[in-house]
Amino acid sequence: MGAAMRRIHVGNALSAFGLGFTVPYLYVYVAQVRGLGAMTAGLVLAVFAVAALIVLPFAGRAIVRRGPLPVLLAALVTAALGALSLGLAGGAATVLLSAAALGAGQAVMQPALATMIVDCSETETRSRAFAMQFFLQNLGLGVGGLIGGHLVDTSRVSSFTLLFAIEAAVFLLLVALMATVRMPRAPRVAGARKAAGAAAGRSGWQQLLANRAMVQLCVLGFVLFFACYGQFESGLSAYGVEAAGISTSALGTALAANTLMIVVAQFAVLKFVERRRRSRVIAAVGVIWAVAWAAAAYAGLGHGSRTMATAAFVSTYALFGLGEAMLSPTLAPLVADLAPEGMAGQYNSAFALVKQLALAVGPAVGGPLAASLPGPYVVTFLLFSLGISVLALRLGRGLSAVQDHPWGAQSRVVARGGSAHEPVTAKA
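What you are looking at is a predicted structure, and each value in this text was computed from that prediction instead of being measured. (Residues numbered from 1 in each chain as written. Predicted model: local features only at pLDDT ≥ 70, side-chain atom pairs only at ≥ 80, totals over all residues. Heavy atoms only, no water.)

Section: the overall build of the chain
Working step 1: The number of helices and strands found in the chain is 20 helices and 0 strands.
Working step 2: Element-wise, carbon and sulfur atoms account for 67% of the exposed surface of the chain, whose accessible area totals about 17,600 Å². (Helix = DSSP H or I, 4+ residues; strand = E, 2+ residues; numbered from the N terminus. Areas by Shrake-Rupley, 256 points an atom, 1.4 Å probe, with all protein chains shown as cover.)

See the structure below:
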């Protein structure tokens, strides 16, 4: 990795650390420590999602026009101000405005950092770069949550003020670090420009919507995030406690198994994933997640012992982690390779917007369904997982060889006597 990429990865880890540092304790802080009640606390969590949905459509255009680094710096300053004011806020209106600033800043960080990774990498190194990003994000979230949990004390407002002040300081430290990054111009995939069908005079959103493969990937991404990430802390946990009789300690073990699987499997599966067609990797993830939902069904609907039910439920989270490890070096590089030259920021922001929509809808649908109809709940999401495989295979038929299987395309160039860095042109 070059110096720029090293700084970007540190930025990813620190931004995730800041998120994990405070977000798990927002509800307790607003509802109990500040005494504003459960309704206001729920509104604060909703404001995070709404702020992201509002700013992300504009973030993509700003990244295209100004570059990812200035947009990232603005997002970090906004998040720092939001975090600091949230730690000092005492009234409902101030808390909501502060949460909006923090949520908007954090939402813009991810597409900006992803675009910087695209600009500092080439096709053959991009999968590894995004795998490292995902690994560091999970590490940052875990370490942030662990340290934050030891600092807070619900009997002392000052402990939460310190928590948010440290988060603001982390974001400002990141401003100073990222301001030193010198961004190179990275080569783009030649086939992506043809696939986008970009025409003169079209806006960024018009170009994106005209790219059929990108639209298909956004639909697939919505189903992926809705059926997995959108269920972790809502429907699936409610199903485990209510239907499967899983204890809260076992639920914590399941979440730890998910993180451990990501840490162990991330780089173990990387070489396997790099050499396979991206569409088939995503299809395989759908099958793995279908098996995970079948294990969840056994935990809640089977007639085995409590120990077996707990083991099955923990394996559900572990299998989800395996799928996540396979997706991290696959989805983000595919988004980048579908983008025309100079449009990576727009495409990253659009995909981040799809993710936020899925994460907003997923808990709203999954939570009530899991609590009232546990059997239909697991069957529904098992079918969603199989639908991921179908959508992925359909997407693969619309991708060029260099977009779907860049490693294979580069190997064929080398076999013909060319360079592995030589652009490969293939039919879209």
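On we go.
Topic: the environment of M261
Working step 1: Mapped onto the elements, M261 comes out in helix 12 (residues 248-265).
Working step 2: A relative accessible area of 26% means that M261 is categorised as partly exposed.
Working step 3: Every residue in contact with M261, bar those within four places of it in the chain, is listed here: Q266, A318, G321 and L322. (Buried < 20%, exposed > 50% of the residue type's maximum accessible area, 1.4 Å probe, protein only. Contact = heavy atoms within 4.5 Å.)

Description of the nonpolar core
Working step 1: Grouped together as the largest cluster of nonpolar side chains are 119 residues, with contacts concentrated most on M178, M214, L217, L236, W289 and F313.
Working step 2: Leave out the neighbours within four places in its chain, and L236 touches Q231, W293, A296, F313, T316, Y317, F320 and Y377.
Working step 3: If you look at the next biggest cluster of nonpolar residues, it comprises 5 residues, including A52, L56, A107 and A352. (Core = buried A, V, L, I, M, F, W, Y, C linked by side-chain atoms within 4.5 Å.)

Some words on the pattern of salt bridges
Working step 1: Inspection of the entire model under this criterion finds 5 salt bridges.
Working step 2: Measuring nitrogen to oxygen at the nearest pair gives 3.2 Å for the salt bridge that ties E274 to R128. With E274 in helix 13 (residues 270-274) and R128 in helix 6 (residues 123-151), this residue pair connects regions lying 146 residues apart in the sequence.
Working step 3: With relative accessibility at 15%, the residue E274 sits in the buried group. (Salt bridge = Lys/Arg side-chain N within 4 Å of Asp/Glu carboxyl O.)

Considerations on helix 7 (residues 157-178)
Working step 1: Taking 1.5 Å of rise per residue, the 22 residues of helix 7 would be expected to cover 32 Å, and the 32 Å separating its terminal C-alpha atoms lies within 8% of that figure.
Working step 2: Looking at helix 7, one finds that the buried residues are S159, F160, L163, F164, E167, A168, V170, F171, L174, V175 and M178.
Working step 3: Its buried side turned inward, helix 7 meets helix 1 (3-22), helix 2 (26-33), helix 4 (68-88), helix 5 (92-119) and helix 6. (Expected span 1.5 Å × (residues − 1).)

Structural notes on helix 4
Working step 1: Its 21 residues give helix 4 an end-to-end C-alpha distance of 30 Å, which sits within 8% of 30 Å, the value for a rise of 1.5 Å per residue.
Working step 2: Those residues of helix 4 lying buried are P68, L69, V71, L72, A75, L76, A79, A80, G82, A83, L86 and G87.
Working step 3: The inward-facing, buried residues of helix 4 abut helix 2, helix 3 (37-66), helix 5 and helix 7.

Overview of the environment of V10
Working step 1: Examined against the element boundaries, V10 turns out to sit in helix 1.
Working step 2: The sequence separation of V10 and L177 amounts to 167 residues, and the corresponding C-alpha distance is 8.8 Å.

A look at the packing of helix 14 (residues 278-301) against helix 15 (residues 306-327)
Working step 1: Two elements in contact, helix 14 and helix 15, have axes whose closest approach is 8 Å; the angle formed by their N-to-C orientations is 165 degrees. In terms of axis orientation, helix 14 runs roughly antiparallel to helix 15. As helix 14 runs across helix 15, the sense of the crossing is left-handed.
Working step 2: Along the lines of polarity and charge, the residues of the contact of helix 14 with helix 15 split into 22 nonpolar, 3 polar and 1 charged. (Axes fitted to C-alpha atoms, helices over the stretch in contact; angles between N-to-C directions. Parallel < 35°, antiparallel > 145°, perpendicular 65-115°, else oblique. Left-handed = near helix turned anticlockwise from the far one by under 90°. Nonpolar A, V, L, I, M, F, W, Y, C, P; charged D, E, K, R; others polar.)

Comments concerning the packing of aromatic side chains
Working step 1: Taken as a whole and assessed by the stated rule, the structure comprises 16 aromatic pairs.
Working step 2: One Lys or Arg, K355, reaches over the ring of Y229 and ends 5.7 Å from the middle of that ring. (Phe/Tyr/Trp six-rings, centres within 6.5 Å; stacked < 30°, edge-to-face > 60°. Lys NZ or Arg CZ within 6 Å of the ring centre and 35° of its normal.)

Section: the side chain of T40
Working step 1: Turning to its location among the elements, T40 is positioned in helix 3.
Working step 2: Within the structure, the side chain of T40 is placed 3.1 Å from the backbone oxygen of L36, a separation counted as a polar contact.
Working step 3: Ignoring any residue separated from it by four or fewer positions in sequence, one finds T40 in contact with V30, A92 and L96. (Polar contact = N/O pair within 3.5 Å; in protein donor to acceptor, adjacent residues only side chain to side chain.)

Remarks on the confidence of the model for the chain
Working step 1: Chain-level pLDDT for the chain is 83 on average; 89% of the residues reach the 70-or-more range.
Working step 2: Between residues 186-201, whose pLDDT stays under 50, and residues either more than four places distant or in other chains, the model counts 40 contacts.
Working step 3: Residue range residues 413-417 is modelled with pLDDT below 50. Its contacts to residues more than four positions away, or to other chains, number 6 contacts. (pLDDT = per-residue confidence, 0-100.)

Focus on the packing of helix 10 (residues 212-227) against helix 16 (residues 331-338)
Working step 1: In the contact formed by helix 10 and helix 16, the axes pass within 11 Å of each other and the chain directions differ by 160 degrees. As summarised for this structure, helix 10 and helix 16 are arranged roughly antiparallel, according to the angle between their axes. When the axes of helix 10 and helix 16 are compared, the crossing they make is left-handed. Every residue of helix 16 that contacts helix 10 at A213, M214, L217, L224 and F225 is listed here: L331, L334, V335 and L338.
Working step 2: Across the contact of helix 10 with helix 16, the residue classes break down as 9 nonpolar, no polar and no charged.

Points about the side chain of S237
Working step 1: Tracing the chain through its elements places S237 in helix 11 (residues 235-242).
Working step 2: Judged by relative accessible area, S237 falls into the buried class, the value being 13%.

A word on a nonpolar patch on the surface
Working step 1: There is a patch of nonpolar side chains on the surface, built from L139, V143, L146, I147, L151 and L162 and spanning about 480 Å² of accessible area.
Working step 2: If one sorts the elements of the nonpolar patch by residue count, helix 6 sits on top with 5 residues.
Working step 3: Of note, L151 is situated in helix 6. (Patch = residues over 30% accessible without salt bridge, like charges linked within 9 Å, V, L, I, M, F, W, Y side chains within 5 Å.)

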